[in-house]
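Architecture at a glance
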Amino acid sequence: MQRTLLLAKIHNCTITAANLNYVGSISIDENLLEQSGILPYEQVQVVNNTNGERFITYTIPAPAYSGAIQLNGAAARLGMIGDRLIIMAYGQFTPEELKTYSPTVVIVDEKNKPLEVRRYDELLSKV
């Protein structure tokens, strides 16, 4: 049996742009993708802390160190510039993989610059 758990998240980032006419997705500063371990084109769940919207889309890299978080396509209707988001990727794990499992959380400031990268190794003792 596999279980679905949080793999990585970018916590409390700020929407910097929205483009309704783009094909779709969420553009994320490439540095934030790398720091979190979220891959380009990976499926993510996005939670808008400002208005309560939740949606699933996929990531595309924005220029590294730009601080860009841009909603694209239909998702552009689900948030406004300045809204605060949590972006989460999930993974499926076997019981054996859970023994070394550790989610990554990137905490960012109001300009989407990483303040801290956390690895939750303490969860391993509870599995």
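Everything discussed here concerns the structure shown above.
Below, the structure is looked at part by part. (Residues numbered from 1 in each chain as written. Predicted model: local features only at pLDDT ≥ 70, side-chain atom pairs only at ≥ 80, totals over all residues. Heavy atoms only, no water.)

Here's the deal with the pairing of strand β6 (residues 69-72)
What counts is decided by this rule: By this definition, two strands are paired if DSSP reports at least two bridges between them. Starting at the N terminus, helices and strands are each numbered in turn, a helix being any DSSP run of H or I of at least four residues and a strand any DSSP run of E of at least two.
As judged from the three bridges shared by strand β2 (residues 17-19) and β6, these two strands associate in the parallel manner. Paired with A18 across the two strands is L71, which belongs to β6. Across four bridges, the pairing between strand β3 (residues 25-29) and β6 is antiparallel. For I28, the partnering residue across the bridge sits in β6 and is I69.

So, unusual backbone geometry
Formally: Exposed residues in this analysis have more than 50% of their type's maximum accessible area, buried residues have under 20%, and partly exposed residues fall in between, with area computed by a 1.4 Å probe over protein chains only.
A positive phi angle, near 65°, is found at Y65, a position not held by glycine. Since its relative accessible area comes to 61%, Y65 is described here as exposed. Of note in this structure, N112 is not a glycine but carries a positive phi near 65°. Tracing the sequence through the fold places N112 in the loop between β8 (104-108) and β9 (114-119).

Quick notes on a nonpolar patch on the surface
Formally: Patches draw on residues past 30% relative accessible area with no salt bridge. Two like charges within 9 Å are joined, as are two nonpolar side chains (Val, Leu, Ile, Met, Phe, Trp, Tyr) within 5 Å. Method for areas: the Shrake-Rupley scheme with a 1.4 Å probe, in which residue coverage is limited to the protein chains shown. Here a salt bridge means any side-chain nitrogen of Lys or Arg lying within 4 Å of a carboxyl oxygen belonging to Asp or Glu.
Where nonpolar side chains cluster on the molecular surface, the patch consists of Y22, V23, Y41 and Y58 and spans about 470 Å² of accessible area. Along the polypeptide, Y41 turns up in the loop between α1 (30-36) and β4 (43-48).

Thoughts on the sheet that holds strand β5 (residues 54-62)
We count it as follows: Think of each axis as a best-fit line through the C-alpha atoms, taken over the contacting stretch in the case of a helix, with angles from 0 to 180 degrees between the N-to-C directions.
Overall, mixed pairing links the nine strands, which are arranged β2-β6-β3-β5-β4-β7-β1-β8-β9 in an open sheet. Every other strand in the sheet has two partners, leaving β2 and β9 as the edge strands with one partner each. Ignoring which end each strand starts from, the neighbouring axes of this sheet average 30° apart. As judged from the five bridges shared by β8 and β9, these two strands associate in the antiparallel manner. The partner of V105 across the bridge, within β9, is R118.

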